[in-house]
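# A structural walkthrough
In case you want the letters, here they are:
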Amino acid sequence: METFNIEEELKKLPHKPGVYIMHDDNEAILYVGKAIDLHNRVRQYFRAGHGHNNSPKIAKMVSQIAYFEYIITASEMEALVLECNLIKEHRPKYNTLMTDDKGYPYIKITVNESFPKVIRSHRMGRDKSLYFGPFTDKKAVYETISLIKKAFSIRNCTRDLGNGPYKDRPCLYYQIGECPAPCAGKISPEDYKKNIDSAISFLNGNTKDIVDDLKAKMKSQAENLEFEKAAKTRDLIESISKISEKQRVQNTTSEDRDIIALARNATDAVISIFFVRDGTLIGRENHHMSFDDYEDNISPEEISEEASGETVEKISGETSQETSQEKDSEIITEFIKQYYTGTPFIPKEILTVIPINEEQLIIDYLSERKGQTVHIILPQRGEKKGLVKLAEDNAKLVLAQDIERIKRQEKRTTGACQEIAEIIGLKQEITAETAFRMEAFDISNTAGYHSVASMVVFENGKPKRNAYRKFRLRTVEGPNDYASMKEVLSRRYTNENLGRLPDVIMMDGGKGQVHIAEMVIDSLGLDIPVCGMVKDDNHRTRGLYYKDQEVSFPKGSEAMHMITALQDETHRFAITYHKQLRNDSQTHSILDDIEGIGPTRRKALLLHFKDIDAIKNATIEELSAVDGMNIKAAQAVHDFFN
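Everything numeric in this text was worked out from a predicted model, so none of it was measured. (Residues numbered from 1 in each chain as written. Predicted model: local features only at pLDDT ≥ 70, side-chain atom pairs only at ≥ 80, totals over all residues. Heavy atoms only, no water.)

## Examining the overall build of the chain
Defined as follows: In this description a helix means any DSSP run of H or I spanning at least four residues, a strand means any run of E spanning at least two, and both kinds are numbered starting from the N terminus. Only protein chains enter the accessibility calculation, which uses a 1.4 Å probe; a residue whose area is less than 20% of its type maximum is buried, one above 50% is exposed, and one in between is partly exposed. We call two residues in contact whenever any of their non-hydrogen atoms come within 4.5 Å of each other. Here the open area of atoms and residues is found with the Shrake-Rupley method and a 1.4 Å probe, where only the protein chains shown may cover a residue.
Broken down by element type, the chain carries 24 helices and 19 strands. Across the 642 residues in the chain, those meeting the buried criterion constitute 45%. In the chain, the proportion of contacts linking residues at least 24 apart, taken out of those at least 6 apart, comes to 61%. Accessible surface, the chain: about 33700 Å² in total, of which carbon and sulfur atoms supply 48%.

## Section: the side chain of Thr110
What counts here: Pairing of N or O atoms within 3.5 Å defines a polar contact, subject to two protein rules: one partner must be a possible hydrogen donor and the other a possible acceptor, and residues neighboring in sequence count only if both atoms are side-chain atoms.
Within the secondary structure, Thr110 is located in the loop between strand E4 (106-109) and strand E5 (118-121). Residue classification places Thr110 among the buried residues on the basis of a relative accessible area of 5%. A polar contact is formed between the side chain of Thr110 and the backbone nitrogen of Lys117, at a distance of 2.8 Å. The contact partners of Thr110, leaving out residues within four places of it in the chain, are Pro116, Lys117 and Ser129.

## Some remarks on the sheet that holds strand E3 (residues 67-72)
Applicable threshold: A pair of strands is treated as paired once DSSP finds two or more bridges between them. Note on method: axes are straight lines fitted to C-alpha atoms, helices fitted across the in-contact stretch only, with angles between N-to-C directions ranging 0 to 180 degrees.
Judged by pairing direction, the sheet is antiparallel, and its 3 strands sit side by side in the order E2-E1-E3 without closing on themselves. Strand pairing shows two members of the sheet lacking a second neighbour, strand E2 (29-35) and E3, which therefore form its edges. If you compare each strand with its neighbour and ignore which way they point, the axes differ by 20° on average. Summarising the sheet, strand E1 (residues 18-23) and E2 pair through 6 bridges and their orientation is antiparallel. Counted as the bridge partner of Met22 is Tyr31 from E2.

## Section: the pairing of strand E8 (residues 268-277)
Burial of E8 is extensive: 9 of the 10 residues sit out of reach of the surface. Pairing analysis gives 8 bridges linking strand E7 (residues 257-264) to E8, with the strands arranged antiparallel. Bridging from a neighbouring strand, Arg264 pairs with Ala269 of E8. Joining the antiparallel neighbours E7 and E8 is a turn of 3 residues.

## Notes on helix H8 (residues 208-223)
To keep it simple, the criterion reads: Given a helix with a known number of residues, its expected span is that number minus one, times 1.5 Å. The directions from the helix axis to the C-beta atoms form the arc being described.
The terminal C-alpha atoms of H8, which comprises 16 residues, lie 22 Å apart, in line with the 22 Å expected from a rise of 1.5 Å per residue. Listed in full, the buried residues belonging to H8 are Ile210, Val211, Leu214 and Gln221. Looking straight down H8, one finds that the buried residues subtend no more than 95° of arc, so they occupy a single side. What points out from H8, more than 90 degrees from its buried face, is the exposed set Lys208, Asp209, Asp213, Lys219 and Glu223. Taken from the residues just after H8, Leu225 is the one with a positive phi, measuring 65°.

## Some remarks on a positive patch on the surface
Heads up, the condition is: In this analysis, a patch consists of residues with relative accessible area above 30% that form no salt bridge, clustered at 9 Å for like charges and at 5 Å for the nonpolar side chains Val, Leu, Ile, Met, Phe, Trp and Tyr. Salt bridge criterion: a side-chain nitrogen from Lys or Arg within 4 Å of a carboxyl oxygen from Asp or Glu. For the charge count, each Lys or Arg is scored as positive and each Asp or Glu as negative, with His and the chain ends excluded. Lys charges are placed at NZ, Arg charges at CZ, Asp charges at CG and Glu charges at CD.
There is a patch of like positive charges on the surface, built from Lys150, Lys217, Lys229 and Lys232. With respect to the secondary-structure elements, Lys229 resides in helix H9 (residues 227-244). According to the relative accessible area criterion, Lys229 is partly exposed, its value standing at 49%.

## Brief notes about the pairing of E4
Each regular strand carries side chains that alternate between the two faces of the sheet. Here E4 shows no split at all, with Tyr106 and Lys108 on one side and Ile107 and Ile109 on the other all buried. When E4 meets E5, the two strands line up antiparallel, connected through 4 bridges. Residue Tyr106 lies in a different strand from E5, and its bridge partner there is Ser121. As defined by bridge partners, E4 adjoins strand E6 (residues 130-132) across 3 bridges and the pair is classed as antiparallel.

## Some details on the state of the cysteines
Test applied: When the sulfur atoms of two cysteines come within 2.5 Å, that pair is taken as a disulfide.
Scanning all chains against the criterion turns up 0 disulfides. Unpaired in terms of disulfides, Cys183 finds its nearest cysteine sulfur in Cys171, a separation of 6.0 Å. When its relative accessible area of 9% is taken as the criterion, Cys183 is described as buried.

## A few points about helix H7 (residues 189-203)
In this model, H7 (15 residues) spans 21 Å end to end at C-alpha, consistent with the 21 Å of a helix rising 1.5 Å per residue. Those residues of H7 not exposed but buried are Tyr192, Asn195, Ile196, Ala199, Ile200, Phe202 and Leu203. Considered in projection along H7, the buried side chains sweep an arc of 155° and stay on one side of the axis. Exposed residues pointing more than 90 degrees away from the buried face of H7 are listed as Glu190 and Lys194.

## Looking at the sheet that holds E6
Judged by pairing direction, the sheet is antiparallel, and its 3 strands sit side by side in the order E5-E4-E6 without closing on themselves. Both edges of this open sheet fall to E5 and E6, since each of them pairs with a single strand only. Strand-to-strand twist of the sheet, defined as the mean angle between neighbouring strand axes without regard to direction, takes the value 30°. Packed on one face of the sheet, H7 meets E4, E5 and E6 and runs near 155° to E4.

## Thoughts on the packing of helix H18 (residues 481-493) against helix H19 (residues 511-523)
How we decide: Left-handed describes a crossing whose near helix is turned anticlockwise from the far helix through less than a right angle; right-handed describes the clockwise counterpart. Polar here means any residue outside two lists: the nonpolar Ala, Val, Leu, Ile, Met, Phe, Trp, Tyr, Cys and Pro, and the charged Asp, Glu, Lys and Arg; Gly therefore counts as polar.
At their nearest, the axes of H18 and H19 sit 9 Å apart, and the two run at 35° to each other. By crossing handedness, the relation of H18 to H19 is classed as right-handed. Mapping the contact onto sequence places Asp481, Tyr482, Met485, Lys486, Leu489, Ser490 and Tyr493 in H18 and Gly512, Gln513, Ile516, Ala517, Val520 and Ile521 in H19. Considering only residue class, the contact of H18 with H19 consists of 8 nonpolar, 3 polar and 2 charged.

## Let's talk about unusual backbone geometry
Despite not being glycine, Leu225 has its phi angle at roughly 65°, a positive value. We classify Leu225 as exposed; its relative accessible area is 61%. In the Ramachandran plot, Lys547 falls in the positive-phi region, its phi being about 50° despite a non-glycine side chain.

## Focus on the packing of aromatic side chains
This is how the line gets drawn: Any Phe, Tyr or Trp ring, taking Trp's six-membered ring, that has another such ring centre within 6.5 Å forms a pair; planes under 30 degrees apart are called stacked, those over 60 apart edge-to-face, and the others tilted.
Counted under the stated rule, the structure contains 8 aromatic pairs. Residues Phe115 and Tyr192 carry aromatic rings whose centres are separated by 5.3 Å and whose planes lie at 80° to one another, so their mutual orientation is edge-to-face. Pair noted here: Phe115 is in the loop between E4 and E5 and Tyr192 is in helix H7, with a separation of 77 residues, a long-range link. For the pair shown, Phe115 and Tyr192 are each scored as buried. Judged by centre distance (5.2 Å) and plane angle (90°), the rings of Phe640 and Phe641 are edge-to-face.

## Overview of the pattern of salt bridges
Scanning all chains against the criterion turns up 18 salt bridges. For Lys117, the salt bridge is made with Glu113, and the minimal N-O distance between the two is 2.7 Å. A relative accessible area of 8% places Lys117 in the buried class. In this structure, the salt-bridge partner of Lys194 is Asp191, at a minimum N-O distance of 4.0 Å. Of the two residues, Lys194 and Asp191 both sit in helix H7, 3 residues apart, roughly one turn of that helix. What makes Lys194 exposed here is its relative accessible area of 55%. Because the salt bridges share partners, they merge into one network encompassing Arg437, Glu439, Glu459, Lys464 and Arg492.

Such coordinate-based values are descriptive only and should not be taken to indicate function.
Okay, here's the thing in structure tokens:
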């Protein structure tokens, strides 16, 4: 993590509602909070003697803060719901976590029934009902449900009416005019559905007519000196206002979607991408794109297909007729192409702030990768439009306040990958001249005993730990690093289950290691650049060995820092695995060397026969009689000792 100047960043905080996220120096989330005014609230944590710091717990948390980030929202209510979502997703150390996980209430309409009910629900279920919310004011939810039932003649009971016949005796609510008595057949399903449709329209935000009626009613009550009734009507109007306030941070469907928005100036652009998973906004990322990132990223095929000078002008970005919207479309199009080529997860919906170029081609490509249809949507109104506006507001804020920090971050990751690509002359169609995926290998042994190898993966300049792999050498005896590396590389690059092929292979060593790797790669018919990570006499990374030449890094370059981190991580991972094996060897049994005999069968055999000699002398029938053993396992044990 780069140096984060807390005092400087505190000055940049906006006077807007939102959520703030505190991180430690390992980038772990310590605390998530909400604020009506981010500028005032976050600064309180770092003021000496402020009430926040009187708590030992908060003081300890503040001492661990390395940096913070924030997401602006349109209202405190949105901030509150987003705070709840993020706490559930990340479960920060210093937040008070709810054990019942009830969250905020929803209004549920059971539209799959003949006579739907309008009820309160703690959760949004995966059923055919229609959900509105979540809402942070529980009292307003109760009052709104009551209002809906009275205003639109919705039944009060929760009985399952089924498909009829409807011949029950009407209840008291029918007698006082607050229920249409569907249980008694007093209203048809068709007419009742019209009432439900009106209620749904109301919950969707079409509240003006009913609010106008209530205001007129309140005025009449006040003129008639019915002040108590007028106060209740006023409270009802306030409840409607609270319920009607747009909440864009949680959807009432369970879809996965990404929301992409853009903010730019004359030379730089910031893309904000918000992630909605299972209907909940769980986080966001900001990406900086300089104009070179997309203006120069035109393939030769695209240029050759367009013969006219007018088209060449447009591709170069120099045409005087090109509008700001066309420029924005180019940026977002290039971002989508680059981002979703490298990410393993593709959502069902992608919402954008502006139309993209080559839309159908990109949809087809993403749908093929996902295995089902992907939709790219440009929302014009409603909840989805609100989500895009939220992402756009955050992109503008980042552009205004954090552009330099984002540039420094990307220089250390993407920029370092591009430096490596330039050093070795790597070109790629998809990732635009960058060493996106690098795999590094190391051998660790003790005088040839317990020889192991490690594979560490960096993607876009960052460790991808779920792609790391450990190898225990099978065919090599003794301290032979070259033969060991040959075995490991052959096993890695003939196994399709170990992930996509790298853009560059990094060997922990010089000429000898590189040549061994090149021989293996050539024998497999692959074309992957191989580099050696070379260290100086002080055991510090000094350069790369590539194509029989040592290439030095520019002094203080980001590429050198990243390769140093890659080499150190490779050593750490190999040594950790080697230590684990040495510890395991203290409890090693000869039975562990038999194929098909794991810890459970080993324990059962030793309990049954008491010692190894008895197992050696046992027949197949005696072995197969042990709990958990079958004929195949018994045969393996018998053959091993005989």
